[in-house]
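These are the residues of each chain, in order.
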There are 2 protein chains.
Amino acid sequence: MKGKLFLIGSLFLVSGLSAQTADEAFIRKIADEVLINSKAYENLRTLTKTIGGRLAGSPQMYKAEDWGYNLLQQSGSQHTFKQECMVPHWVRGGKDQATALLPGRSKKELDILALGNSQGTGEKGVTAPVVLVNSFEELEQKKDQVAGRIVFYNYHFNPTFVRTFQAYGDAVKYRGMGASAAAKYGAVAVIIRSMSHSTDNNPHTGAMHYDSAYKKIPAVAVGLKDADWLASALSGGKDISVSLKTMAHFLPDVKGHNIIGELKGTQFPDEYITIGGHLDSWDVNEGAQDDGAGIVQTIEVLRTLKALGYQPKHTIRFVLFANEENGTRGGNAYADEAAKNNEKHLFALETDAGGFTPRGFGFTGSEEQLKKMKSWAPLLEPYGGGEISAGGGGTDIGPIHQKLKTPMGELLPDSQRYFDLHHARNDVFEAVNKRELELGAVNIAALIYLVDQYGL
Amino acid sequence: MKGKLFLIGSLFLVSGLSAQTADEAFIRKIADEVLINSKAYENLRTLTKTIGGRLAGSPQMYKAEDWGYNLLQQSGSQHTFKQECMVPHWVRGGKDQATALLPGRSKKELDILALGNSQGTGEKGVTAPVVLVNSFEELEQKKDQVAGRIVFYNYHFNPTFVRTFQAYGDAVKYRGMGASAAAKYGAVAVIIRSMSHSTDNNPHTGAMHYDSAYKKIPAVAVGLKDADWLASALSGGKDISVSLKTMAHFLPDVKGHNIIGELKGTQFPDEYITIGGHLDSWDVNEGAQDDGAGIVQTIEVLRTLKALGYQPKHTIRFVLFANEENGTRGGNAYADEAAKNNEKHLFALETDAGGFTPRGFGFTGSEEQLKKMKSWAPLLEPYGGGEISAGGGGTDIGPIHQKLKTPMGELLPDSQRYFDLHHARNDVFEAVNKRELELGAVNIAALIYLVDQYGL
């Protein structure tokens, strides 16, 4: 094994190699460094097991910031800093509870989670009959039956989309806008079928927002088995009420931070390449795939480039963004600061789709740039990340893309398992595979290297 | 969702469609049928949870045969039969035990499993000093220190191979041939570092064989953490003995069966396409990924083609092979029977690399045939299985490839997690993801459809 690595390293010394061959050799070095010496998995263990869930404003947010700052420094950052931003401070406030009340006084506990940013019922709770709707269209048809009731949105994740993020894009509007759409017709609360096609009953939380034109009613997600049960009972004509109690509410905004490390550019120190994920997570899990994986991959790319003695042409920024889940305040602050300082940003890449086996990258930029990205596919294919497709970016880098027209991209790992655990209790360290996580870092490092070498 | 499916279905009715478009549409129908209505995951639950491990010759082997036979019939097989073959009947015979004895009377239990087909120590056990070798080369260097001792092969899985099967191919000779290589120099037993790069300590069993020129000495696999501990202690110069007790032995061969279902060809009923996996598994786990996944995928392909009313041109055989793990008797019997009956076999495909997200297919045939396979890649890419590469097949279809020159192929799923659980206790139902399993079936069904339509 060692002999082989030395051989690959020595290829660089042979003069007259084509750029393609030198790139191949350097990317092989990246892969060997990560696959042999990666710290990503153990770093993820620390983040998830000693800090855990780290929603914006929570005590764990600050612990994670300090952990990230120190780890960036240990991993070779030449300039490490905290970029301040005010973040929302939503708290769950207690255990979310829901009980279905059936005819004949029988009861069934439902496994629910209050949606992020939602207003709770308070101690008194809310008890009301439930109206089933399978879509917004059906809500319109039933709008006269909604007043004083709880609307249950039972919109299913579409299993026929092979990329599960398409199913998410299709369904997430019910989580985001369902409460206000129902409040418009006088509903007193909403229950949303979880955005998932898992085989378990874990409810999946996630951000929602209220339309200020309507009353802020409580909103919860229910697990899939309970959703199926509830839908089946209601479809069968049973009158079912649900008694809900959630204590969710906002506290005043607090200071949070993007945590940023840099490798200084040797030729263009004032031109930036950004790679990042988000440091915050939901409160109900360890935030392992979402987005602990992206965080430790980002730091692993830094560690690897440093370990290989790579001196980038451009300044590479490694950004642990604040508050992706329920506010995007970190992403906005990063873009605002870049605009204020007239920074030139070459490219921004986000890793926030889980630490699963990489399949490729999504890219949002010009046709010409996309063509260039695609020309690198053969260099990434040996490591699994060669599928380059149009579109994609990330919540945290969206603002800089908007504001500065920075081309953006995202790692696209295999998506089959992501929505089994996204925003649910089972997004824990054990759900991450060491090698899958590492291969993501390999492909990101390779792409960042290519962008640094050749621009876009 | 429904609307969309009907639209796709109706495409078939429009005249003048190109073959490519009709193929795209039919493969979309396959995918929708599997992703919406698949029985594969629940079938796997039954196989793993109600039957469990099913090594050749075990009572569970017979239960699995009956289960498979009935399920093939329920899934639409037009002709279902059992093909008899004698299978080896190796039994573990009791709990495998190993204790490291350190200087100063301290002890450490090691987590081991006897290798399949190995001869146990018997009740008396074997206790001897351990000699560490990291390779066969090192065994040669230390051959004079081996007599009367236990050889510990500490050859590592190479993490730099991106496809983990390469690391397996590189390392597996120590499991297969290590015992006889050490017995040649008088060793009394061997301990093999498990063929894995998992992060746990589960030992991984698997088949070995003895060279009849040397004494049959006991052979066990040790978990990776214990292997690291043992290697570290021995490298540090400590004298360590290990006390081994394994009760493994062979009983007389018994009757086993390949379980076979067929969809009859409408144009070429005497020309066969084979798709299969193996029904047996190791005794220490549920055989979920290896190869329960392949079995339920094979049956799912049948169910799906039947559900879509597909009438194949050629006869498609769905084969649940016997005794892949420690004898290949099923694969040999299938080839022998085909040869005896002068059967014409167009293609054989095996799925025995786990029910993980599909990435492509390996193919062994002529250049011309490989080119044809590759021309279908764009039809498979939307479902993840578009990477067509040269080489590959399967243990069970190797004999028919050898004997009848039948072109052969294999599903190549993502390989990162396979050797975390291969032949280890943790290869259980919970290690399989429903959608990943289903997407494998989609790609197999699509490829079988294309081979049936266009030949090779």
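Owing to the predicted nature of the structure, the values given are computational and were not obtained by experimental measurement.

*Asks:* Pulling in residues and values, what's your account of the overall build of chain A?
*Replies:* Assigned secondary structure in chain A consists of 14 helices and 16 strands. With the C-alpha coordinates of chain A rotated into their principal frame, the extents come out at 85 × 40 × 40 Å. Contacts spanning at least 24 positions in sequence make up 82% of the contacts within chain A whose residues lie at least 6 apart. In the form shown here, chain A has an accessible surface area of approximately 16,800 Å², with 51% of it arising from carbon and sulfur atoms.

*Asks:* For the domain arrangement of chain A, give the residues involved together with the corresponding values.
*Replies:* Residue and element names in this part refer to chain A. Its domain assignment divides chain A into domain 1 (2–89 + 252–454) and domain 2 (93–247). Spacing between the C-alpha centres of domain 1 and domain 2 amounts to 35 Å. If you look at the interface, domain 1 gives 19 residues, while domain 2 gives 23 residues. Note on domain 1 versus domain 2: buried area summed over both sides is about 1,600 Å², and carbon and sulfur give 53% of it. When the area that domain 1 buries against domain 2 is broken down by residue, the three leading residues are Phe419, His423 and Arg425, summing to 38%. One can count 1 salt bridge joining domain 1 with domain 2. Only strand 15 (387–390) and helix 13 (418–421) provide two or more residues apiece to the side of domain 1 that touches domain 2. Top element by residues in the side of domain 1 that touches domain 2 is helix 13. It accounts for 4 residues. The residue makeup of the side of domain 1 that touches domain 2, split by class, is 8 nonpolar, 7 polar and 4 charged.

*Asks:* How would you explain the sheet that holds strand 1 (residues 79–91) of chain A if you had to name every residue and give the values?
*Replies:* Residue and element names in this part refer to chain A. The 8 strands are arranged 1-10-12-11-13-16-14-15 in an open sheet whose pairing can be described as mixed. Every interior strand has two partners, whereas the edge strands, strand 1 and strand 15, have only one. Taking each pair of neighbouring strands and ignoring which way they run, the sheet shows an average axis angle of 25°. The strands touched by helix 8 (residues 288–307) within the sheet are strand 10 (249–263), strand 11 (268–278), strand 12 (314–321) and strand 16 (408–413), with strand 12 carrying the most contacts at an inclination of about 155°.

*Asks:* Lay out the environment of Ala441 of chain A in plain terms, naming residues and giving numbers.
*Replies:* All names here are of chain A. The topology assignment puts Ala441 in helix 14 (residues 434–454). Sequence separation between Ala441 and Asn258 is 183 residues; the distance between their C-alpha atoms is 20 Å. Filtering out sequence-adjacent residues up to four positions away, Ala441 remains in contact with Val34, Gln297, Glu300 and Val301.

*Asks:* Please set out the environment of Gly455 of chain B residue by residue, giving values where relevant.
*Replies:* Residues and elements named next belong to chain B. Locating Gly455 in the fold gives a position in the segment after helix 14 (434–454). Overall, the relative accessible area of 13% leaves Gly455 in the buried class. Each C-alpha atom of the pair Gly455 and Phe347 lies 8.6 Å from the other, and the pair is 108 residues apart in sequence. When residues no more than four places from it in sequence are discounted, the contact partners of Gly455 are Leu346, Lys372, Trp376 and Leu450.

What counts and what doesn't
Residues numbered from 1 in each chain as written. Chains lettered and ligands numbered in written order. Predicted model: local features only at pLDDT ≥ 70, side-chain atom pairs only at ≥ 80, totals over all residues. Heavy atoms only, no water. Helix = DSSP H or I, 4+ residues; strand = E, 2+ residues; numbered from the N terminus. Contact = heavy atoms within 4.5 Å. Areas by Shrake-Rupley, 256 points an atom, 1.4 Å probe, with all protein chains shown as cover. Domains from an automatic or database assignment. Buried area = accessible area lost by both parts, 1.4 Å probe. Salt bridge = Lys/Arg side-chain N within 4 Å of Asp/Glu carboxyl O. Nonpolar A, V, L, I, M, F, W, Y, C, P; charged D, E, K, R; others polar. Pairing = 2+ DSSP bridges. Axes fitted to C-alpha atoms, helices over the stretch in contact; angles between N-to-C directions. Buried < 20%, exposed > 50% of the residue type's maximum accessible area, 1.4 Å probe, protein only.

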